[in-house]
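If you want the building blocks of each chain, they are given just below.
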Amino acid sequence: MTADTFLARHADGWHQAWAGLGARPPAALLPQLCAAYAEPQRHYHTLQHLDECLTLLAEHRGRAAHPHEVALALWFHDAVYDVHAADNEARSADWARDALQAAGVAAAEAGRVHALVMATCHGRPQPATPADADTRLLLDIDLAILGAPAGRYAEYERQIRAEYAHVPAAVFEPRRRQLMAGFLARTPLYRTAALRAQREAQARLNLAGVLR
């Protein structure tokens, strides 16, 4: 997906999310984010993924308590992506919080966006069902790819492998299987009823296929 196509779909939503928090982003911030998602080391964590997330949010935004905060958390959730680093979520969350506060957003709102981005760190232990609706919705949107149609899911697996092309198969494949087995073991996988109805059955088919 080109930046022009992406912006034609989502630039209005970007400005609406900021306006919903009573702020205006600096003009340079949106191009900076688009450039980050277009970095050459990315194959899955790209504007395509961000487009899919924002499109799902538009469909389900009525289920969010603070939809503008969820939107901006999605915009920033993969803003920093270095496959050799372990602090991508923290750096992305800090970028979001700092940008919001610099634009005059209240500390409480900026803090909630920071916490939402941090929640997308799937490699760390998390409660089976996060307490607040916004976190549950954001996590389900971020993981919606697991329940994508088979063709898109296969593309996703290829994209992830390309991002980790530097990792030998003997190391990558067991770790990938362990991660996918962890998702498959969740009951339920999706924490919101709407996403569960839409994606759960296909996600279990996709994950079982990877494990086979």
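Remember, it's a predicted structure, so these values are computed and weren't measured experimentally.

**Q** A description of the overall build of the protein should follow, citing residues and the corresponding values.
**A** When helices and strands are counted, the protein shows 10 helices and zero strands. Across the protein, helices and strands are ordered from the amino to the carboxyl terminus as α-α-α-α-α-α-α-α-α-α. The C-alpha radius of gyration of the protein comes to 17 Å, within 12% of the 17 Å expected for a compact globule of 212 residues. Along the three orthogonal principal directions, the C-alpha set of the protein runs to about 50 × 35 × 30 Å. Counting only residues that meet the buried cut, the protein has 46% of its 212 residues in that class. Summarising the internal contacts of the protein: among those between residues at least 6 apart in sequence, 67% fall at separations of at least 24. When the accessible surface of the protein is summed, it comes to about 9900 Å², and 57% of that surface belongs to carbon and sulfur atoms.

**Q** Residues and numbers for the packing of aromatic side chains, please.
**A** On inspection of all chains with the given rule, the structure shows eight aromatic pairs. By way of ring pairs, the aromatic residues Phe6, Trp14, Trp18, Trp75, Phe76 and Trp95 are connected into one cluster. If you follow Arg42 out to its NZ or CZ, it ends over the ring of Tyr37, 5.0 Å from the centre. Between the NZ or CZ atom of Arg161 and the centre of the ring of Phe172, over which it lies, the distance is 4.2 Å.

**Q** Give me the lowdown on the pattern of salt bridges, citing residues and values where you can.
**A** What the rule picks out here adds up to 10 salt bridges. Here Asp87 makes a salt bridge to Arg91, at a shortest N to O gap of 3.7 Å. Judged by relative accessible area, Asp87 falls into the partly exposed class, the value being 35%. Take Arg91: its relative accessible area is 39%, and that puts it in the partly exposed class. For Arg152, the salt bridge is made with Glu155, and the minimal N-O distance between the two is 2.9 Å. With a gap of three residues between them, Arg152 and Glu155 both fall in helix α8 (residues 150-163), about one helical turn apart. With relative accessibility at 13%, the residue Arg152 sits in the buried group.

**Q** Could you give an account of helix α5 (residues 88-102), naming the residues involved and the relevant values?
**A** Taking 1.5 Å of rise per residue, the 15 residues of α5 would be expected to cover 21 Å, and the 21 Å separating its terminal C-alpha atoms lies within 8% of that figure. Within α5 the residues assigned to the buried category are Asn88, Ser92, Ala93, Ala96, Ala99 and Leu100. Along the axis of α5, the buried positions cluster into a sector of 135°, meaning they face one direction only. A positive phi of about 95° marks Gly104, the residue just after α5.

**Q** Residues and numbers for the packing of α8 against helix α10 (residues 193-211), please.
**A** It is at 11 Å that the axes of α8 and α10 come closest, and there the two elements cross at 45°. By the criterion of interaxial angle, the relationship of α8 to α10 is oblique. As α8 packs across α10, the resulting crossing turns out to be right-handed. Where α8 approaches α10, its residues Ala150, Tyr153 and Glu157 are matched on the opposing element by Gln202, Asn206, Leu207 and Val210. For the contact of α8 with α10, the class distribution of residues is four nonpolar, two polar and one charged.

**Q** Got a sec to walk through unusual backbone geometry? Specific residues and values, please.
**A** Thr187 connects to Pro188 through a cis peptide bond whose omega is 0°. As for its position among the elements, Pro188 is in the loop between α9 (169-185) and α10.

**Q** Break down the side chain of Asn88 for me, citing the residues and quoting the values.
**A** Its location among the elements puts Asn88 in helix α5. Setting aside its immediate chain neighbours within four residues, Asn88 contacts Val80, Tyr81 and Asp82.

**Q** Quick one: what's the story with the nonpolar core, residue by residue and with numbers?
**A** Proteins that are soluble and globular tend to have nonpolar side chains buried together. Judged by nonpolar contacts, the single largest core of 59 residues is most densely connected at Trp14, Trp18, Trp75, Phe76 and Leu146. Ranked by the residues each element gives to this core, the list is headed by helix α4 (residues 67-76), at seven residues. Phe76 has contacts with Trp14, Leu29, Leu33, Tyr37, Ser92, Trp95, Ala96, Ala99 and Val117, leaving out every residue within four places of it along the chain.

Scoring rules and cut-offs
Here the residue numbering is sequential within each chain, running from 1 through the sequence in written order. Predicted model: local features are reported for residues with pLDDT of at least 70 only, side-chain atom pairs are reported and counted for 80 or more only, and whole-chain, interface and lining totals are derived from all residues. Only hydrogens and water are set aside when side-chain values are computed; all heavy atoms of the structure are taken into account. A run of H or I in DSSP counts as a helix once it spans at least four residues, and a run of E counts as a strand once it spans at least two, with each numbered from the N terminus. For a compact globule the rule gives 2.2 Å times the number of residues to the power 0.38, and the radius of gyration it is set against comes from C-alpha atoms. When accessible area is computed with a 1.4 Å probe and restricted to protein chains, residues below 20% of their type maximum are described as buried, those above 50% as exposed, and intermediate ones as partly exposed. Contacts between residues were defined by any pair of non-hydrogen atoms, one from each residue, lying within 4.5 Å. The Shrake-Rupley method, run with a 1.4 Å probe sphere, supplies the accessible areas, and residue values consider only the shown protein chains as cover. For this analysis, a ring pair means two rings from Phe, Tyr or Trp (six-membered ring only for Trp) whose centres lie within 6.5 Å, classed as stacked if their planes differ by under 30 degrees, edge-to-face if by over 60, and tilted for the remaining angles. Charge over a ring is defined by NZ of Lys or CZ of Arg lying within 6 Å of the ring centre and within 35 degrees of the ring normal. Salt-bridge detection follows one rule: a side-chain nitrogen of Lys or Arg within 4 Å of a carboxyl oxygen of Asp or Glu. One less than the number of residues in a helix, times 1.5 Å, gives the span that helix is expected to have. Working definition: the arc comes from the directions between the helix axis and the C-beta atoms, pointing outward to the latter. Inter-axis angles, ranging from 0 to 180 degrees, are taken between N-to-C directions of lines fitted to C-alpha atoms, where helices are fitted over the stretch in contact. An angle counts as roughly parallel when it lies under 35 degrees, as roughly antiparallel when it exceeds 145, as roughly perpendicular when it falls between 65 and 115, and as oblique in every other case. Two helices cross in a left-handed way if the nearer one is turned anticlockwise from the farther one by less than a right angle. They cross in a right-handed way if the turn is clockwise. When residues are sorted by character, Ala, Val, Leu, Ile, Met, Phe, Trp, Tyr, Cys and Pro go into the nonpolar class, Asp, Glu, Lys and Arg into the charged class, and all the rest, Gly among them, into the polar class. Residues belong to a common nonpolar core when they are buried Ala, Val, Leu, Ile, Met, Phe, Trp, Tyr or Cys residues joined through side-chain atoms within 4.5 Å.

All quantities given are derived from atomic positions and should not be read as evidence of function.
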